[in-house]
Amino acid sequence: MAFSSRLLSKSKQLCGSPIILQQQNAIPVRYFAKEAAPQALKGDEMLKNVFLDVKKKFETALGILRKEKITIAPEDPAAVTQYAKVMKTVREKADLFSESQRIEHTIKTQTEGIADARTYLLTLKEIRIKRGLTDELGAEAMMMDALEKVEKELKKPLMRDDKKGMALLMAEFDKVNQKLGIRKEDLPKYSEQLELKIAKGQLEELKKDALEAMETQKKREEFKDEQMVDVKSLDIRNFL
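Residues numbered from 1 in each chain as written. Predicted model: local features only at pLDDT ≥ 70, side-chain atom pairs only at ≥ 80, totals over all residues. Heavy atoms only, no water.

Peer 1: Please provide a residue-by-residue account of the overall build of the protein chain, values included.
Peer 2: Broken down by element type, the protein chain carries nine helices and zero strands. Its helices and strands in sequence order give the protein chain the pattern α-α-α-α-α-α-α-α-α, from N to C terminus. The buried share of the protein chain, reckoned over its 240 residues, is 33%. By sequence separation, contacts in the protein chain at least 24 residues apart represent 65% of the contacts at least 6 residues apart. Total accessible area computed for the protein chain in this model is approximately 16,000 Å², and 55% of it derives from carbon and sulfur atoms. (Helix = DSSP H or I, 4+ residues; strand = E, 2+ residues; numbered from the N terminus. Buried < 20%, exposed > 50% of the residue type's maximum accessible area, 1.4 Å probe, protein only. Contact = heavy atoms within 4.5 Å. Areas by Shrake-Rupley, 256 points an atom, 1.4 Å probe, with all protein chains shown as cover.)

Peer 1: Can you tell me about unusual backbone geometry, naming the residues and giving the values?
Peer 2: Here D95, not a glycine, exhibits a phi torsion of approximately 60°, which is positive. Mapped onto the fold, D95 is located in the loop between α4 (77–94) and α5 (99–111). Backbone geometry at K155 places phi at a positive 65°, although glycine is not the residue there. Position of K155 relative to the elements: it lies in the loop between α7 (139–154) and α8 (163–180). What makes K155 exposed here is its relative accessible area of 76%.

Peer 1: Describe α8, and please don't skip the residues or the numbers.
Peer 2: Taking 1.5 Å of rise per residue, 18 residues should cover 26 Å, and α8 covers 25 Å from first to last C-alpha, within 8% of that figure. When we look at burial in α8, the residues that qualify are G165, M166, L169, E172, F173 and V176. The arc that holds the buried residues of α8, viewed along the axis, is 120°, so those residues lie on one side. Of the exposed residues in α8, the ones pointing more than 90 degrees away from its buried face are K163, K164 and Q178. Structurally, α8 contributes buried residues whose contacts are with α6 (117–130) and α7. The N-cap of α8, judged by a side-chain oxygen 3.3 Å from the amide nitrogen of K164 a few residues on, is D162. Backbone geometry just downstream of α8 places G181 in the positive-phi region, at approximately 75°. (Expected span 1.5 Å × (residues − 1). Arc of directions from axis to C-beta. Polar contact = N/O pair within 3.5 Å; in protein donor to acceptor, adjacent residues only side chain to side chain.)

Peer 1: Can you tell me about the pattern of salt bridges, naming the residues and giving the values?
Peer 2: A complete count under the given rule lists eleven salt bridges for this structure. In this structure, a network of salt bridges that share partners links the residues R118, E148 and E151. (Salt bridge = Lys/Arg side-chain N within 4 Å of Asp/Glu carboxyl O.)

Given below as C-alpha cells:
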C-alpha cells in the first residue's frame, strides 16, 4: 500500500517532446478527475461526485500497482520499459490523462480566448516556465523568429483569426519542424519517448527515496544498538 501510493506521488512529467521538458512530481486532484467540466449540479452534490470519482480512480490505480512487479532500476532500460507499461495500464484503467494529453489540455485551456499570435506564444512560454519545463532544442526562439518574419511581411501584428496570416505562420513553423527533424507522423513515437523519459525520471526519484529511507533506518538501528550496549555496560552495584 505504502509503495503503491509512493509510485502515484511520483507521476508528473519530467520531460516532453518535441521540446525536451522537465517538471516536478505529485498528482493534483484534477489529474484523477481528468479535469472534466462539472455538470450543472448543486454545490454539495457536485463536490460529492468529484470526490467519489477521484476516490474510484485512485483505488483503481492502487489496485493495479499492488499486483504489478516494479523493479526500481532506472539504469536498466528493461525495467524502465516495464514501469512505463505499468503506468500506461494505470492511466487506461483509471481513465487518466497521459502526459502528452495533459500538456495539450493545459495549453488549450490557458490559451483559449487569446486573440493574437504573439500573446499566444508568450503564454506557451509562461506555461513552460511555470511547470518547470525546459526547451533544449531552442524551438521556442525559432517560433518567435518565424512570427517576427510573418508580422514584418504583414506590417502588422498577427491575429489568430487572420486565416491568410496564420497560413503563412504555419508554413514557417513547418520549416522550423523540418530543421528540428520533427514530423507529424512521428508524434506517436515522440509520445512514447516522453513516457519512457518520465518513467526513468520517476524511477530515479523512487530509488533516491528508497536509499534515503534505508540509510535512515540503518542509522536508527545503529543508535538503538548503541543504547543497548550502554545499558548492558552499567554496573548494577552503582544503584544499590
